[in-house]
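Observations on chain architecture
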Amino acid sequence: MDLTQTQFDIISSDLRTIAQRIPLKWGHVQNNVYDNELKRVCNIFEVASLADLERFISGFDSDHQQYYLRRWFVLRCADCDEFLFYRNEGVEHNPDPYDKKWDIQINNTIRFDVKGTKIPNCFRYYYDGVQADPRGVVEFYYDYQSSGVRFDMQNRLFIVHHSLVAPERESGIRCAWKSKEYVFSRFVKEINDIHLISYKNQTAGVIFLVETSKGVLKYKISGLDTELQSIPL
């Protein structure tokens, strides 16, 4: 979905509204069975407001509704993240919404598929090491993916949301739009100075957004910053 500023304002507000309602876990691995059931009712990629989504999924049981709520949340967060990138000078958004090879192109050179994510559970106790050197977790992201048909190998930019306060707060970090706007702009401006990660003939970038204490968000652009950085108010 290619957003206008008005659409971004509406959707980003809806996402903040439901962030605390989003289950920490999928309940089910993202799967084509549930996705295909929803296709009989609507195209989730075109549902542009929370009110519309809730109307479309009202006939499903609570298990399906929670799955679709999280599915929509993740999709629309991705749209908003991409918007905050392609509003920067020198960034092109892929004009083909069905092309899964890339979402943004920076300075007519490098393309990325933008992936909002979190530190996998098996790495959470090694947070310090992951932040210091994310290569291991990047390899995990590439090697262990959901059961849907949507994945392929491509350059990826991982936006990693992590809370040192409580894991359930990570959905709220995904909606830290003003902070993301600053961090993504810096990533674009300094792209030529960032040491990116190579794996399986692909190139990956990593941005950490970390809640270090309640309400305090810091960030790190891997390959550029040596430690967490403060975000100007």
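Since the model is a prediction, treat every value here as computed from it, not as a measurement.

**Here's the deal with helix H4 (residues 62–86)**
Taking 1.5 Å per residue as the helical rise, H4 with its 25 residues ought to reach 36 Å, and the 36 Å between its terminal C-alpha atoms agrees with that figure. The backbone nitrogen of aspartate 63 has a side-chain oxygen 3.2 Å away, supplied by the residue at the start of H4, namely aspartate 61.

**Here's the deal with the environment of threonine 226**
Relative to the helices and strands, threonine 226 is located in the loop between strand E7 (216–221) and strand E8 (229–230). Each C-alpha atom, one on threonine 226 and one on glutamine 105, is 25 Å from the other, the two residues being 121 residues apart in sequence.

**Examining the nonpolar core**
Counting residues in each nonpolar core, the largest one holds 52 residues, and the members touching the most others are Leu15, Phe85, Ile106, Phe187 and Ile207. The element contributing the most residues to this core is H4, with 12 residues. Ignoring any residue separated from it by four or fewer positions in sequence, one finds isoleucine 207 in contact with Phe85, Leu157, Phe158, Ile159, Val160, Val183, Phe184, Phe187, Lys220 and Ile221. By size, the runner-up hydrophobic cluster in this structure holds 16 residues, among which are Tyr127, Ile197, Phe208 and Val210.

**A short note on unusual backbone geometry**
Even without being a glycine, asparagine 107 presents a positive backbone phi close to 55 degrees. Looking at the secondary structure, you find asparagine 107 in the loop between strand E2 (104–106) and strand E3 (110–118). For asparagine 108, which is not a glycine, the phi torsion comes out positive at approximately 60 degrees. By the element assignment, asparagine 108 lies in the loop between E2 and E3.

Rules used throughout
- Residues numbered from 1 in each chain as written.
- Predicted model: local features only at pLDDT ≥ 70, side-chain atom pairs only at ≥ 80, totals over all residues.
- Heavy atoms only, no water.
- Helix = DSSP H or I, 4+ residues; strand = E, 2+ residues; numbered from the N terminus.
- Expected span 1.5 Å × (residues − 1).
- Polar contact = N/O pair within 3.5 Å; in protein donor to acceptor, adjacent residues only side chain to side chain.
- Core = buried A, V, L, I, M, F, W, Y, C linked by side-chain atoms within 4.5 Å.
- Buried < 20%, exposed > 50% of the residue type's maximum accessible area, 1.4 Å probe, protein only.
- Contact = heavy atoms within 4.5 Å.

Without other data, these values stay purely geometric and don't point to any function.
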